Amino acid sequence: MLDLAFERAKARPDDVGLIAVTRGPGLAGCLLVGVGVAEGLGASWSRPLTGVNHLWGHIYAAMITRPDLEPPLLGLVVSGAHSDLVLMSEHGRFEVIGRTRDDAAGEAFDKAARMLGLGYPGGPALDRLARTGDPRRQPLPKPSLPGLEYSFSGLKTALLYRLRDLGDAAGPQEKADLAASFEQSVVASLLEKLDAALATTKVSEVVVAGGVAANTLLRRRAAEVVGERARLTVPALELCTDNAAMIAAAGSYAGALHPATVDPSLGWD
């Protein structure tokens, strides 16, 4: 894997000045393997090592897409495990101002896709199916909590009950309509809170990032919601889902802020 990465990058180990590795949040087994490999490479190549918060990486993916992007900014990070609204006042400083109480948006998409028989990973499959559906034919509730908190478990339950009520009548078109309705409810909820946060914060930059940021409807509607109030940056599709480039980008800043750190943190700190 390393040989292939260097070959595609037209680079050599001598070109590496710093090794960045995800330190959390994530699955313990994956994190242990990554940190172990990074420590081995650091020792072998005599290079400094820095631990990077996985969630930082999603924000810094936007800075790969738009190199002149700088904090302060408002970020909506939506992935399989996180739906967080964060204020990034400067490099390495994040304040979480809103998050989900239960399921993350990506987890909700995956579970909905499973109910609709689409398999895993469900987000991209549900996105494709939703493009052929009409949400007005199978309306679902839009989750709404006070303040800037999210909740998607009730929407997931509503989809389950609707499918049970339809029974054998849930054919391909009905499932496409339900996919479109579920997607519309999730996206509307996400952007309602982003809209509210943008109205009360003085930032000129907005980032929507994470695996769910690859969703077609979210990308289009985010541009409409942000409008002229700020500049919106959504990473390129290949940088939305978990990738090494975003960790390297974050590491270039994290290395300067917290050198030689591998700390099993699970939050934004």
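Owing to the predicted nature of the structure, the values given are computational and were not obtained by experimental measurement.

1. So, the overall build of the protein chain
Piece 1. When its secondary structure is counted, the protein chain shows 10 helices and seven strands.
Piece 2. Against the globule reference of 18 Å for 269 residues, the protein chain gives a C-alpha radius of gyration of 20 Å, in line with a compact fold.
Piece 3. Expressed as lengths along the three principal axes of its C-alpha atoms, the size of the protein chain is roughly 65 × 40 × 30 Å.
Piece 4. In the protein chain, buried positions account for 48% of the 269 residues.
Piece 5. The long-range share in the protein chain, meaning contacts at least 24 apart out of those at least 6 apart in sequence, stands at 74%.
Piece 6. Summing over all exposed atoms, the protein chain offers an accessible surface of approximately 13000 Å²; the carbon and sulfur share of this is 56%.
Piece 7. The average position of the 27 basic charges and that of the 31 acidic charges among the side chains of the protein chain differ by 4 Å.

2. A look at the pattern of salt bridges
When the charged atoms of two side chains with opposite charge come close together, those side chains can pair.
Piece 1. Applying the stated rule across the entire model yields 16 salt bridges.
Piece 2. Arg 131 is the partner of Asp 127 in a salt bridge, and the nearest nitrogen-oxygen pair spans 2.4 Å.
Piece 3. Among the residues examined, Asp 127 registers a relative accessible area of 9% and is labelled buried.
Piece 4. Its salt-bridge partner being Asp 177, residue Arg 137 comes within 2.8 Å of it at the nearest N-O pair. Of this pair, Arg 137 sits in the loop between α5 (122-130) and α6 (153-166) while Asp 177 sits in helix α7 (residues 172-200); the two residues are 40 residues apart in sequence, bridging distant segments of the chain.
Piece 5. The exposure class of Arg 137 is partly exposed, given its relative accessible area of 48%.
Piece 6. Judged by relative accessible area, which is 4%, Asp 177 ranks as buried.
Piece 7. Salt bridges sharing partners connect three or more residues here, namely Asp 103, Glu 107, Lys 111 and Lys 156.

3. Quick word on unusual backbone geometry
Piece 1. Backbone torsion omega between Gly 24 and Pro 25 reads -5°, so that peptide bond is classified as cis.
Piece 2. Its location among the elements puts Pro 25 in the loop between β1 (19-24) and α2 (28-45).
Piece 3. Here the bond from Tyr 120 into Pro 121 is cis, since omega is 0°, no more than 30 degrees from zero.
Piece 4. Backbone geometry at Lys 10 places phi at a positive 55°, although glycine is not the residue there.

4. Observations concerning the confidence of the model for the protein chain
Piece 1. When pLDDT is averaged across the protein chain, the result is 92; 95% of the residues are at 70 or more.
Piece 2. Throughout residues 259-266 the model reports pLDDT below 50, and contacts reaching past four residues in sequence, or to other chains, amount to 17 contacts.

5. Quick word on the packing of helix α4 (residues 105-115) against α6
Piece 1. Remark: α4 packs on α6, axes separated minimally by 10 Å, with the N-to-C direction vectors making an angle of 5°. By the angle between their directions, the pair α4 and α6 is classed as roughly parallel. Facing Lys 111, Ala 112 and Met 115 of α4, the residues of α6 in contact are Lys 156, Leu 159, Leu 160 and Leu 163.
Piece 2. Broken down by class, the residue content of the contact of α4 with α6 amounts to five nonpolar, no polar and two charged.

6. Remarks on α5
Piece 1. All buried positions along α5 are accounted for by Gly 122, Ala 125, Leu 126, Asp 127, Leu 129 and Ala 130.
Piece 2. Packed against the buried residues of α5 are α4, α7 and α8 (216-226).

Reading the values: the criteria
Residues numbered from 1 in each chain as written. Predicted model: local features only at pLDDT ≥ 70, side-chain atom pairs only at ≥ 80, totals over all residues. Heavy atoms only, no water. Helix = DSSP H or I, 4+ residues; strand = E, 2+ residues; numbered from the N terminus. Rg over C-alpha atoms; globule rule 2.2 N^0.38 Å. Buried < 20%, exposed > 50% of the residue type's maximum accessible area, 1.4 Å probe, protein only. Contact = heavy atoms within 4.5 Å. Areas by Shrake-Rupley, 256 points an atom, 1.4 Å probe, with all protein chains shown as cover. Lys, Arg positive; Asp, Glu negative; His and termini not counted. Charge placed at Lys NZ, Arg CZ, Asp CG, Glu CD. Salt bridge = Lys/Arg side-chain N within 4 Å of Asp/Glu carboxyl O. pLDDT = per-residue confidence, 0-100. Axes fitted to C-alpha atoms, helices over the stretch in contact; angles between N-to-C directions. Parallel < 35°, antiparallel > 145°, perpendicular 65-115°, else oblique. Nonpolar A, V, L, I, M, F, W, Y, C, P; charged D, E, K, R; others polar.

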